[in-house]
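# Report on the structure
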Amino acid sequence: MQLVSFRATLQDASLSPAHDQMVSGMRDLAEAIDGFVEWRDGYDGLTYWGFVVFASPEAALAWKGHPTHGAIHRQGEDSVYSEFGTQVFELVREASWKRDGVAPHAHG
């Protein structure tokens, strides 16, 4: 698995509608990639942050290398962001559990 973390700061709040369209396009593109797992994002003032998870490095690279991804990214660089950063992480270890819905037994 690969997780792509991103953080961007908008130049000003008036660019939020344009940015929301950019995010929608990026997310639609990610979800269309075979190997897409999850997308999470949010805002903290003018800073937009998030991550997208892909099942493989190949899926992450397919998203990054898609022409639509490049066009949206250039739009951000040219007219929307004052700064942008991204990091890519690979899964090292995984653990999970799930509550089964059964109430715990009382002891005593």
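This write-up is about the structure you can find in this document. (Residues numbered from 1 in each chain as written. Predicted model: local features only at pLDDT ≥ 70, side-chain atom pairs only at ≥ 80, totals over all residues. Heavy atoms only, no water.)

As a further point, take the overall build of the protein. Summing up its helical and strand segments, the protein has three helices and four strands in all. Listed by position from the N terminus, the elements making up the protein come as β-α-β-β-α-α-β. Computed over the C-alpha atoms, the radius of gyration of the protein is 18 Å, more than 25% above the 13 Å expected from 2.2 N^0.38 for a compact globule of 108 residues. Each principal axis of the C-alpha distribution contributes one length, and for the protein these read about 65 × 35 × 20 Å. The 108 residues of the protein split such that 29% are buried. Relative to all contacts within the protein whose residues are 6 or more apart in sequence, the contacts with residues 24 or more apart total 73%. Only carbon and sulfur atoms are counted for the fraction: they give 53% of the accessible area of the protein, which is about 7500 Å². A distance of 6 Å separates the average location of the 8 positive side-chain charges in the protein from that of its 15 negative side-chain charges. (Helix = DSSP H or I, 4+ residues; strand = E, 2+ residues; numbered from the N terminus. Rg over C-alpha atoms; globule rule 2.2 N^0.38 Å. Buried < 20%, exposed > 50% of the residue type's maximum accessible area, 1.4 Å probe, protein only. Contact = heavy atoms within 4.5 Å. Areas by Shrake-Rupley, 256 points an atom, 1.4 Å probe, with all protein chains shown as cover. Lys, Arg positive; Asp, Glu negative; His and termini not counted. Charge placed at Lys NZ, Arg CZ, Asp CG, Glu CD.)

Here the focus is the environment of D20. With respect to the element layout, D20 can be found in helix 1 (residues 16–32). For D20, a relative accessible area of 41% translates into the label partly exposed. Remark: the alpha-carbon pair of D20 and G101, spanning 81 residues in sequence, is separated by 37 Å.

This part is about a nonpolar patch on the surface. On the surface, M1, V37 and L91 cluster together to form a nonpolar patch covering roughly 250 Å² of accessible area. With respect to the helices and strands, the residue L91 is situated in the segment after strand 4 (81–90). (Patch = residues over 30% accessible without salt bridge, like charges linked within 9 Å, V, L, I, M, F, W, Y side chains within 5 Å. Salt bridge = Lys/Arg side-chain N within 4 Å of Asp/Glu carboxyl O.)

Okay, the pattern of salt bridges next. This model, assessed by the stated rule, comprises three salt bridges. Note that E31 and R27 form a salt bridge whose closest N and O atoms lie 2.9 Å from each other. With E31 and R27 both in helix 1 and four residues apart, this pair spans about one turn of that helix. Here E31 falls in the partly exposed class, since its relative accessible area comes to 38%. Accessibility expressed as a relative area gives 30% for R27, which makes it partly exposed.

This part is about the sheet that holds strand 1 (residues 2–10). The strand order 2-3-1-4 describes an open sheet built from four strands, whose pairing is antiparallel. Each edge of the open sheet is held by one strand with a lone partner, namely strand 2 (36–44) and strand 4. Averaged over neighbouring strand pairs, the angle between their axes works out to 10° when direction is ignored. Pairing geometry for strand 1 and strand 3 (residues 47–54), over eight bridges, is antiparallel. (Pairing = 2+ DSSP bridges. Axes fitted to C-alpha atoms, helices over the stretch in contact; angles between N-to-C directions.)

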